[in-house]
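Examination of the molecular architecture
Residues per chain are reported as follows:
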Amino acid sequence: QVQLVESGGGLVQAGGSLRLSCAASGLTFSRYAMGWFRQAPGKEREFIATIPAWSAGTTTYGDSVKGRFTISRDNAKNTVDLQMNRLKPEDTAVYYCAAALFLPGATNFKSYNYWGQGIQVTVSS
């Protein structure tokens, strides 16, 4: 019954921006930390960003996207977004949103309970 559905991906030129959104259903969204990961062909799944369930918590970003990407959530709408700016060709990957009931702020994909299907982001040079 739990579903995480990503949207907003596509093709963009280097230096451009995209905004990904993840809509969650079938879970008590406000109790889950949310994260974004990505995986490119031949590479390991990479941590991008996480945001805790509580408003007082802090967001965390992977080194490769710090200063360029911003994660946000709206618990009233059960959505988590990823604003991606100054995109680079190496950002090309399938992007996944994920939900973690425990270990909020975790950067390891094994800590997450539920995953979306993923959405393609392609950055051309």
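The notes below deal with the structure included here. (Residues numbered from 1 in each chain as written. Predicted model: local features only at pLDDT ≥ 70, side-chain atom pairs only at ≥ 80, totals over all residues. Heavy atoms only, no water.)

Considering the overall build of the chain
Definition in use: Numbering of helices and strands runs from the N terminus, with a helix taken as a DSSP run of H or I at least four residues long and a strand as a DSSP run of E at least two residues long. To get the radius of gyration, use the C-alpha atoms; to get the globule rule, take the number of residues to the power 0.38 and multiply by 2.2 Å. Burial classes: relative accessible area under 20% of the type maximum marks a residue as buried, over 50% as exposed, and values in between as partly exposed (1.4 Å probe, protein chains only). By the convention used here, residues are in contact when the closest approach between their heavy atoms is within 4.5 Å. Note on areas: these come from Shrake-Rupley sampling with a 1.4 Å probe, and a residue is covered only by the protein chains present in the view.
Counting its regular elements, the chain contains zero helices and 11 strands. Listed N to C, the secondary structure of the chain is β-β-β-β-β-β-β-β-β-β-β in terms of helices and strands. A compact globule built from 125 residues would reach a C-alpha radius of gyration of about 14 Å, and the chain, at 13 Å, matches this within 12%. Counting only C-alpha atoms, the chain reaches 40 × 30 × 30 Å along its principal axes. Here the chain holds 125 residues, and the buried ones make up 43% of them. Long-range pairs, those at least 24 residues apart, make up 59% of the contacts in the chain between residues at least 6 apart in sequence. Of the roughly 6,500 Å² that the chain leaves accessible, carbon and sulfur atoms contribute 49%.

Focus on a nonpolar patch on the surface
So the rule is basically this: Like charges within 9 Å and nonpolar side chains (Val, Leu, Ile, Met, Phe, Trp, Tyr) within 5 Å are joined into patches, using only residues over 30% in relative accessible area that form no salt bridge. Here, a salt bridge means any side-chain nitrogen of Lys or Arg that lies within 4 Å of a carboxyl oxygen of Asp or Glu.
A grouping of Leu101, Phe102 and Leu103 is seen on the molecular surface, where their side chains present a nonpolar patch of about 320 Å² in accessible area. Note on placement: Leu103 falls in the loop between β9 (93-100) and β10 (114-115).

Observations regarding the pattern of salt bridges
Under the counting rule described, the total for this entry stands at five salt bridges. We note a salt bridge from Arg19 to Asp81, for which the minimum N-O separation is 3.1 Å. Of this pair, Arg19 sits in strand β3 (residues 18-25) while Asp81 sits in strand β8 (residues 79-84); the two residues are 62 residues apart in sequence, bridging distant segments of the chain. In this structure Asp81 comes out as buried when scored by relative accessible area, which is 15%. Asp91 serves as the salt-bridge partner of Arg68, at 2.8 Å between the closest nitrogen and oxygen. Placement of the pair is Arg68 in the loop between β6 (60-61) and β7 (69-74) and Asp91 in the loop between β8 and β9, with a sequence separation of 23 residues. Residues joined by salt bridges that share partners form a network here, namely Arg38, Glu46, Arg68 and Asp91.

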